[in-house]
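Below are the chains, spelled out letter by letter.
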Amino acid sequence: MRANMRIDLAVGQARAAELVKRYRDRLMEHDRLPPDRALALACQAYADGYVYVTAAPGQVWERTEKAGGGSDMLLILSFDQSWQGRTALCEFADGEHDELLLEELRAHYTLRCWPAGDGAEPSWIGPGGH
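Residues numbered from 1 in each chain as written. Predicted model: local features only at pLDDT ≥ 70, side-chain atom pairs only at ≥ 80, totals over all residues. Heavy atoms only, no water.

(A) Quick peek at unusual backbone geometry. In this model, R32 sits at a positive phi of 55 degrees, which is unusual for a non-glycine residue. Mapping R32 onto the fold places it in the loop between α2 (13–31) and α3 (35–47). (Helix = DSSP H or I, 4+ residues; strand = E, 2+ residues; numbered from the N terminus.)

Rendered as structure tokens:
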């Protein structure tokens, strides 16, 4: 996620607060951080668009530099772990499927649409028909 897509603008203030709170809770439980430090890190992760925290199934991402061929939009379907690192299984607008390292997603794409809600099926139609 790039600076042009603030989490509160993408999902609304209530859902943004919920996402930050859930990440804060994970940091407290798994990393044993005190609540104030965990909250500061969770807020910073979402503010910076840290892809390992913000990327989620159902999101639509757009290539930042348009390629001569192929699709410039992708839909995240799920995540996996490969020998190279954490990957996102993606469906491109042209119907092709591929796995991208999250680092590739961070470097070459920007978030365009956040999924409507937890547990929803990944879909090209998002909030506002995007």
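Having seen it, we continue.
(B) Local environment of the pairing of strand β2 (residues 73–82). In this sheet, β2 lies alongside strand β1 (residues 60–63) in antiparallel orientation, the contact comprising three bridges. Note on β2: the bridge partner recorded for V60 is L75. Across eight bridges, β2 lies against strand β3 (residues 85–92) in antiparallel orientation. Residue pairing across strands places L74 opposite F92, the latter belonging to β3. The turn linking β2 back onto β3 is made up of two residues. (Pairing = 2+ DSSP bridges.)

(C) Structural detail: the sheet that holds strand β5 (residues 109–113). Pairing is antiparallel in the open sheet, where five strands are placed in the order β4-β3-β2-β1-β5. Because the sheet does not close on itself, it has two edges, and the strands there are β4 (97–101) and β5. Between one strand axis and the next, the sheet turns by 45 degrees as a mean value, whatever way the strands run. (Axes fitted to C-alpha atoms, helices over the stretch in contact; angles between N-to-C directions.)

(D) Inspection of α3 at higher detail. Taking 1.5 Å as the rise per residue, α3 with 13 residues should run 18 Å; its terminal C-alpha atoms sit 18 Å apart, in good agreement. Buried-residue contacts for α3 involve α1 (7–11), α2 and α4 (51–54). Following α3 by one or two positions, G49 has its phi on the positive side, about 65 degrees. (Expected span 1.5 Å × (residues − 1). Contact = heavy atoms within 4.5 Å.)

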